[in-house]
Amino acid sequence: MSRIMLLLFALFLVRSNATAIDYESEIKPLFVEKCGACHGVLQQEAGLRLDAGSFVRQGSDDGSVLDFEHPRQSRLVERIATTDHNHRMPPEGQGTPLSKQQINKLIEWIESGATSPADEPIIASPQEHWAYQRPIKRPLPQASKTSDSTNPIDVWMDAKWQQAGLVPTFRANPANLLRRIYLDVTGLPPTLDQQDAVLEDSELANWSTLVDQLLDDPAYGEKWGRHWMDVWRYSDWDGYKNEVRGSQPHIWHWRDWIVESLNADKGYDAMVIEMLAGDEIAPEDMNTLRATGFLVRNFHKSNRDIWLDATVEHSAKAFLGMTIACARCHDHKYDPISQQEYYNLRAVFEPHRVRTEPLPGQSDTSKQGLPRAYDADLDIETFLYVQGNEKNPDKAHPLEPGVPAIIDTTFQVDAIPLPTVASHPFMRDHVEAEELTFIREELKKAQDAIASEPDEQSTPIARQTLVLAKAKLDSAERRWAATKAKIHSESASASLASQAADAERSFQFQQTLLSVLKQRSAVSAANELQETDEKKKKQSIDAAEKKLTELEKELVEASVQLTQSENNFTPVGTSYPTTSTGRRTAFAKWITHPDNPLAARVAINHLWMRHFGEPLVENVFDFGLRSSRPVHHELLDWLAVEFMENQWSMKHLHRLILNSRTYQLGSSPEQLGDAVLQQNLSIDPDNEYFWRANVRRLEAEVVRDSVLAVAGSLDRTMGGADIDFEDGEKNNRRSLYFRHAYEKQMQMLVTFDAANPTDCYRRTESIIPQQALALANSPLAMDQSRLLAQRISAQVSDGNSFTHLAFRITLGRQATDSELSTCSQFLQQQTDLLANQTSLSPVGVAKTTVQPATNAESRARENLIHVLMNHNDFVTLR
């Protein structure tokens, strides 16, 4: 063969390899997305199934759909490429047409023989899908002779590495590993003292002790509370002033419940049950009632259907990894969920509403209160909306509460009788005591006002104020007695009701009389007003007299009411149903039942992703038929069963993960050597087997909190009301506590990809110029840079020592020789530059609260700290 022929053949091979179509990544997802609804495991129109390559080659009832000699003339290609809407696939209104690029890929795949893996998994029915099978804790694989770890995670991983021909990286260097675990568990970087305490042992022999210490740190609940707040769509109230559009004021009580529950290592199953049905399982416990903020958060002012749709959709996504929203309008296209099952699930939530209960010390719920869920309408019916149209409910067939049949686990609804304080929240001890105390204080003030003047000098208004205060106390006491008697069905309730009604009418009369006296005084004042404009004076007098006439009419009506003998009185508070449906409790117990195959897997997947940067199941909220069996399926199942067997303890899972060699691997694979590295990259370029640690950008909250933490300024106060998001640059609390809602978000956090309150099962990690600008121009970063520079300068004198400490405090590691040299040059050049300026006053920068240094050398050190806070390593986890 000539050299030219060889060259052409080589070019052909290069071109062929470059354009080869990968079935798994390019063709199969196309069939699933575009064709799966009609030609998948759920249904096979015309006998055609396209969810596996072998089925595509098999064809339909009418024969083959592929033409290998003329790929463009294949019936499959013709149906997806035609411009005739009556024949094009997917059908009009059931999916978007394939793009030219997608069609060409499909043609190339057919040209190459329409190949697919011989061992491509195929299921005969949806029930065989891996995620719908109960997880099994299979025996651990045989440990490798080269592995010295007995941690179950490592045993499973080692087996996968050997099977795939991969060599894992070595353990991360101690400094990186220490920073990793601190930021991973607590969301705060290790202090200099913490680094010194641990890094004295270069082998980190006391690693497991450190793991326990960090999991016991209250900061753990704050860091992981924010993770779960993402999944559970935490949002502070959305609205303006007193308006509520979504969520509720004071929902921060739910946030505090999340943090406290995690720190107490409350079982994940118990947390799910309390969030969905805390009002049913612990109706008297105000601490547990906070958990129902999960439901409260979904509140939507303008449309009840939007409220319930969000509750159904996100309960399924968060706890079950099921996408169910599309079944609102029709049977699910990809998963075995019918439209009726969607509305069965909606019926679980149909009766519930939201109310805010007063807390001890504050009766005004606009200032303070506990938002919680409760069943308001026990008899409300649920109807299927024909084609999802809320204006077209099928009222002939009301639906019972239910769950998707694909999960074959017991779902039993039993009504739940509620204790007195749950249906009559005003019966809590503090409510009556605080109300009567307040009224008695009013009475004391009125008595003191009269006592301060001789009787002949006291005004009619002051005397009437005292009369009214006595009438108000008498009315309140009698209404309380009558209300409590009515609730307890006491035989004397009729008599007490009569007394309460009389006292209430008397109070209303005295109240109106006081208003008349005050208005008569206002008329006199208007007549005595020194006003040169007679027209304006007359208008004032007329308005005052008109108001007086109206009040005197009301006084006559109130006096007539005094002669009535009706027993109707105003109860001291609002009463609610004495029974709850029990639907949400049944649903929560169905989710957390050991036979439910989804809940534990979904939770484990979220935990794993937040420790490793990538999940075991790629789509964290969709474990349905479109989700392929994960590479580490056996490990996922083993962890899921281990989770349930250990009381759903999240700290138990954290310990397993953090103590594993897999978690402690380094992120720099170069130490493996070129040959091994290239082999690993050729086998697993995307690190699906976790043979190295993933480099991750820190979450937005951790970036901001780290700025404060390294400077020693972070306010570690826990809990409490949400803080105005606009105070983020000047308030030193952790980012977790700032108001975060659809239209209320701190700009620095948004820039670093803070959670979208609407939907954030997995955060994005963007790299944009604005992130560097946010830290470079942030008043917070400038202030903390100056404070840290002052603190370090107080401990050391020379520039190299300053740089050494600066690196350890800000980046958690030693500076390299090259970095020391560069920083030394920077400090000298910056000092010289600043020394030659006539003024060191900053120009054109954001307003700061910490004044910059007044000499050039100190200012240069402040600049260096600010540079390090903008270093990639400061915002990165390695």
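Up top is the structure.
Since we're looking at a predicted model, the values are computed, not measured.

## A closer look at the overall build of the protein chain
- Across its full length, the protein chain carries 33 helices and six strands.
- The burial tally for the protein chain puts 51% of its 878 residues in the buried class.
- Intrachain contacts of the protein chain at a sequence separation of at least 6 include 72% that bridge at least 24 residues.
- As displayed, the protein chain offers around 41200 Å² of accessible surface, 50% of which is attributable to carbon and sulfur atoms.
- Counting 92 positive and 122 negative side-chain charges, the protein chain places the centres of these two groups 3 Å from one another.

## Considerations on the side chain of Lys651
- Within the element layout of this structure, Lys651 appears in helix α25 (residues 650-658).
- Lys651 sits in the buried class, given a relative accessible area of 6%.
- In terms of polar contacts, Lys651 uses its side chain to reach the backbone carbonyl oxygen of Asn263, at 3.0 Å.
- Among residues more than four places away in sequence, those in contact with Lys651 are Leu215, Asp216, Tyr220, Leu262, Asn263 and Asp265.

## Some words on the pattern of salt bridges
- Counting across every chain of the model gives 58 salt bridges.
- Between Arg520 and Glu552 there is a salt bridge, with the nearest N and O atoms lying 3.4 Å from each other. Of this pair, Arg520 sits in helix α20 (residues 493-528) while Glu552 sits in helix α21 (residues 534-562), placing them 32 residues apart in sequence.
- The exposure class of Glu552 is partly exposed, given its relative accessible area of 29%.
- One salt bridge connects Asp637 with Arg601, and the closest N-O pair in it is separated by 2.7 Å. Pair noted here: Asp637 is in helix α24 (residues 633-645) and Arg601 is in helix α23 (residues 599-612), with a separation of 36 residues, a long-range link.
- Owing to a relative accessible area of 2%, Asp637 belongs among the buried residues under this scheme.
- Look at Arg601 and you get buried, because its relative accessible area is 0%.
- In this structure, a network of salt bridges that share partners links the residues Glu222, Arg704, Asp705 and Arg734.

## What to know about unusual backbone geometry
- The omega torsion across Met89 and Pro90 is -5°, close enough to zero to call that bond cis.
- Structurally, Pro90 is set in the loop between α4 (75-81) and α5 (100-111).
- Unlike most non-glycine residues, Arg233 shows phi in positive territory, near 60°.
- Within the secondary structure layout, Arg233 lies in the loop between α10 (218-231) and α11 (252-263).

## Remarks on helix α12 (residues 268-281)
- For α12, with 14 residues, the first-to-last C-alpha span of 16 Å runs short of the 20 Å given by 1.5 Å per residue.
- A bend of about 70° at Met275 is the largest found in α12.
- Of all the 14 residues making up α12, eleven are buried; the element is thus mostly covered by neighbouring parts of the structure.
- For α12, the full list of buried residues reads Tyr268, Met271, Val272, Ile273, Glu274, Met275, Leu276, Ala277, Gly278, Asp279 and Glu280.

## Some thoughts on the packing of helix α18 (residues 429-451) against helix α19 (residues 460-487)
- Close contact between α18 and α19 brings their axes to 8 Å; oriented N to C, the two are set at 160°. In terms of orientation, α18 lies roughly antiparallel with respect to α19. By crossing handedness, the relation of α18 to α19 is classed as left-handed. For the pair formed by α18 and α19, the contact residues are Val431, Glu432, Glu435, Leu436, Ile439, Arg440, Glu442, Leu443, Ala446, Gln447 and Ile450 on the first element and Ala462, Arg463, Thr465, Leu466, Ala469, Lys470, Lys472, Leu473, Ala476, Glu477, Trp480 and Lys484 on the second.
- Residue composition of the contact of α18 with α19, grouped by class: twelve nonpolar, two polar and nine charged.

## What to know about α24
- Between its first and last C-alpha, α24 extends 18 Å over 13 residues, near the 18 Å set by a 1.5 Å rise per residue.
- A large share of α24 lies buried, amounting to eleven of its 13 residues.
- All buried positions along α24 are accounted for by His633, Leu635, Leu636, Asp637, Trp638, Leu639, Ala640, Val641, Glu642, Phe643 and Met644.
- Where the residues of α24 are buried, they touch α6 (152-164), α12, α23 and α25.
- Within two residues after α24, Gln647 carries a phi angle of roughly 55°, on the positive side.

## Structural notes on the packing of aromatic side chains
- Under the criterion given, the structure shown has 23 aromatic pairs.
- Here the aromatic rings of Trp254 and Phe294 are separated by 6.3 Å at their centres, their planes lie at 75°, and the arrangement is edge-to-face. Here Phe294 lies in helix α14 (residues 293-296) and Trp254 lies in helix α11, a separation of 40 residues in the sequence. Both residues of the pair, Trp254 and Phe294, count as buried.

## Some remarks on the nonpolar core
- With 163 residues, the main nonpolar core has Trp232 and Phe319 as its most contacted residues.
- If you tally residues by element for this core, the top one is α23, at nine residues.
- With near-sequence residues (within four places) excluded, Trp232 lies in contact with Trp254, Ile258, Tyr268, Met271, Met275, Phe294, Ala318 and Phe319.
- Counting residues in hydrophobic clusters, the runner-up holds 21 residues, among them Leu30, Leu50, Val77 and Ile107.

## Here's the deal with a negative patch on the surface
- A cluster of acidic side chains, namely Asp377, Asp379, Glu381 and Glu400, defines a negative patch on the protein surface.
- Structurally, Asp379 can be placed in the loop between β2 (370-375) and β3 (416-417).
- Judged by its relative accessible area of 68%, Asp379 falls in the exposed class.

## Brief notes about the environment of Ser524
- Mapped onto the elements of the fold, Ser524 is located in helix α20.
- Sequence spacing of Ser524 and Asp193 is 331 residues, and the spatial spacing of their C-alpha atoms is 75 Å.

## A word on the environment of Asn527
- Mapped onto the elements of the fold, Asn527 is located in helix α20.
- For Asn527, a relative accessible area of 39% translates into the label partly exposed.
- In this structure the C-alpha to C-alpha distance between Asn527 and Lys553, which are 26 residues apart in sequence, comes to 22 Å.
- Here Asn527 is in contact with Lys537 and Ile541, once residues within four sequence places are set aside.

Rules used in this analysis
- Residue numbers run consecutively from 1 along every chain, following the written order of its sequence.
- Where totals are concerned, whole chains, interfaces and linings use all residues; where local detail is concerned, this predicted model gives features only for residues with pLDDT of at least 70, and gives and counts side-chain atom pairs only at 80 or more.
- Values reported for side chains reflect all heavy atoms of the structure, with hydrogen atoms and water molecules removed beforehand.
- Each helix corresponds to a stretch of at least 4 residues labelled H or I by DSSP, and each strand to a stretch of at least 2 residues labelled E; elements are numbered beginning at the N terminus.
- Classification of residues uses two cut-offs on accessible area relative to the type maximum, computed with a 1.4 Å probe and protein chains only: under 20% is buried, over 50% is exposed, and between them is partly exposed.
- By definition, residues are in contact when any of their heavy atoms lie within 4.5 Å.
- Note on areas: these come from Shrake-Rupley sampling with a 1.4 Å probe, and a residue is covered only by the protein chains present in the view.
- Neither His nor the chain ends contribute to the count of charged residues, in which Lys and Arg are positive and Asp and Glu negative.
- Throughout, a charge is located at the NZ atom of Lys, the CZ atom of Arg, the CG atom of Asp or the CD atom of Glu.
- Here a polar contact is recorded for every N or O atom pair within 3.5 Å, except that within protein the pair must consist of a potential hydrogen donor and a potential acceptor, and residues adjacent in sequence are included only if both atoms are side-chain atoms.
- Whenever a carboxyl oxygen of Asp or Glu lies within 4 Å of a side-chain nitrogen of Lys or Arg, that contact is scored as a salt bridge.
- A helix is expected to reach a length of 1.5 Å times the quantity of its residues less one.
- Bend, at a single residue, is the angle you get between axes fitted to the 7 residues ending at that residue and the 7 residues starting at it.
- All axes here are fitted lines through C-alpha atoms, helices being fitted over the stretch that makes contact, and every angle between N-to-C directions spans 0 to 180 degrees.
- Angles below 35 degrees are treated as roughly parallel, those above 145 as roughly antiparallel, those between 65 and 115 as roughly perpendicular, and all remaining angles as oblique.
- By convention the crossing between two helices is left-handed if the near helix lies anticlockwise of the far one by an angle smaller than a right angle, and right-handed if it lies clockwise.
- In this classification, the charged set is Asp, Glu, Lys and Arg, the nonpolar set is Ala, Val, Leu, Ile, Met, Phe, Trp, Tyr, Cys and Pro, and all remaining amino acids, among them Gly, are polar.
- Pairing of aromatic rings covers Phe, Tyr and Trp, the last counted by its six-membered ring, and requires centre-to-centre distances within 6.5 Å; plane angles under 30 degrees mean stacked, over 60 mean edge-to-face, and any other angle means tilted.
- By nonpolar core is meant a set of buried Ala, Val, Leu, Ile, Met, Phe, Trp, Tyr and Cys residues that side-chain atoms within 4.5 Å join together.
- By definition, no residue in a patch forms a salt bridge, and every one has over 30% relative accessible area; like charges are joined within 9 Å, nonpolar side chains (Val, Leu, Ile, Met, Phe, Trp, Tyr) within 5 Å.

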